[in-house]
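A look at the structure
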Amino acid sequence: MIQPILRMGDPRLLTVAAPVAEFGTPALDTLLQDMFDTMRAANGAGLAAPQIGVPLRIVIFGQPELNSRYPDAPVVPQTVLINPVLTALDDIQVDGWEGCLSVPGLRGVVPRYLRLHYEGYDAEGQAFARTVEGFHARVVQHECDHLDGVLYPMRVQDFTRFGYTDVLFPGLDASDD
Ligand code: NI
């Protein structure tokens, strides 16, 4: 079921979420389905459980398959990532525009690590790990920040590159965050 997405200013977005202790439960299945329903309805690139008011270390992101209309778009596989641990592979950070379903209508430039190793558990409790870079690495860092109560505006360094999407990018379809 589509759930309401908490918006910046809600104190529940600022808390540190707790690890998932039990996998394969009906409650976890329902939560993940709610998260996917909510992310898709909002046309989001990712979603963290705290954004729908559930203080657990769960993020989802990515698309089920390549959209043939945008063959050059960065491909991030549809992923459930639970109890994630992120490790930057080096010190290199790159700037990139970000938005957030909890900060609707705005975009900002945020530095993120370019190359990232991450590991965690899938919905069934199977451990997995990936080494990624670029947009994929950015999405994971953004979503996992939510698990520690960090919203991307807190990481904006140059506030001349933070503003309303329709003002920054006239004509852009701003429906997706
Ligand atoms: Ni977000």
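Residues numbered from 1 in each chain as written. Predicted model: local features only at pLDDT ≥ 70, side-chain atom pairs only at ≥ 80, totals over all residues. Heavy atoms only, no water.

**A word on helix 2 (residues 134–146)**
Across its 13 residues, helix 2 extends 19 Å between first and last C-alpha, which sits within 8% of the 18 Å expected from 1.5 Å per residue. Of all the 13 residues making up helix 2, 11 are buried; the element is thus mostly covered by neighbouring parts of the structure. Within helix 2, burial applies to His136, Ala137, Arg138, Val139, Val140, Gln141, His142, Glu143, Cys144, Asp145 and His146. (Helix = DSSP H or I, 4+ residues; strand = E, 2+ residues; numbered from the N terminus. Expected span 1.5 Å × (residues − 1). Buried < 20%, exposed > 50% of the residue type's maximum accessible area, 1.4 Å probe, protein only.)

**A closer look at the packing of aromatic side chains**
A complete count under the given rule lists 5 aromatic pairs for this structure. Ring geometry for Phe61 against Tyr118: centres 6.3 Å apart, planes inclined by 75°, an arrangement best described as edge-to-face. Linking Phe61 in strand 2 (residues 58–61) with Tyr118 in strand 6 (residues 115–121), this pair joins segments that are 57 residues apart in sequence. Through a chain of ring-to-ring contacts, the aromatic side chains of Tyr152, Phe159 and Phe162 assemble into a single cluster. (Phe/Tyr/Trp six-rings, centres within 6.5 Å; stacked < 30°, edge-to-face > 60°.)

**So, the coordination of the nickel ion**
With distances of 2.1 to 2.3 Å, the protein atoms coordinating the nickel ion are Cys100 (SG), His142 (NE2) and His146 (NE2). Taking the relative accessible area as the measure of exposure, Cys100 reaches 2% and is therefore buried. His146 sits in the buried class, given a relative accessible area of 1%. (Donors = N, O, S within 2.8 Å, 3.2 Å for Na, K, Ca; no water.)

**What to know about unusual backbone geometry**
The backbone of Asn43 shows a phi angle near 60°, a positive value even though the residue is not glycine. Structurally, Asn43 can be placed in the loop between helix 1 (26–41) and strand 1 (46–48). Looking at Asn43, the relative accessible area reads 41%, which means it is partly exposed. Unusually for a residue other than glycine, Asn83 sits at a positive phi of about 50°. Following the sequence through the fold, Asn83 ends up in strand 3 (residues 79–88). Judged by its relative accessible area of 15%, Asn83 falls in the buried class.

**Things to note about the sheet that holds strand 3**
One open sheet accounts for 5 strands, arranged 1-2-3-6-7; its pairing is antiparallel. Two strands in the sheet have a free side with no partner beyond their single neighbour: strand 1 and strand 7 (127–133). Sheet twist, expressed as the mean angle between neighbouring strand axes with direction ignored, is 40°. Judged from the 7 bridges that link them, strand 6 and strand 7 form a sheet pairing that is antiparallel. Within the sheet, the bridge partner assigned to Leu116 lies in strand 7 and is Val132. Packing against the sheet, helix 1 makes contact with strand 1, strand 2 and strand 3, and its axis sits at approximately 40° to strand 2. Sheet contacts for helix 2: strand 1, strand 2, strand 3, strand 6 and strand 7; angle to strand 7, the most-contacted strand, approximately 125°. (Pairing = 2+ DSSP bridges. Axes fitted to C-alpha atoms, helices over the stretch in contact; angles between N-to-C directions. Contact = heavy atoms within 4.5 Å.)

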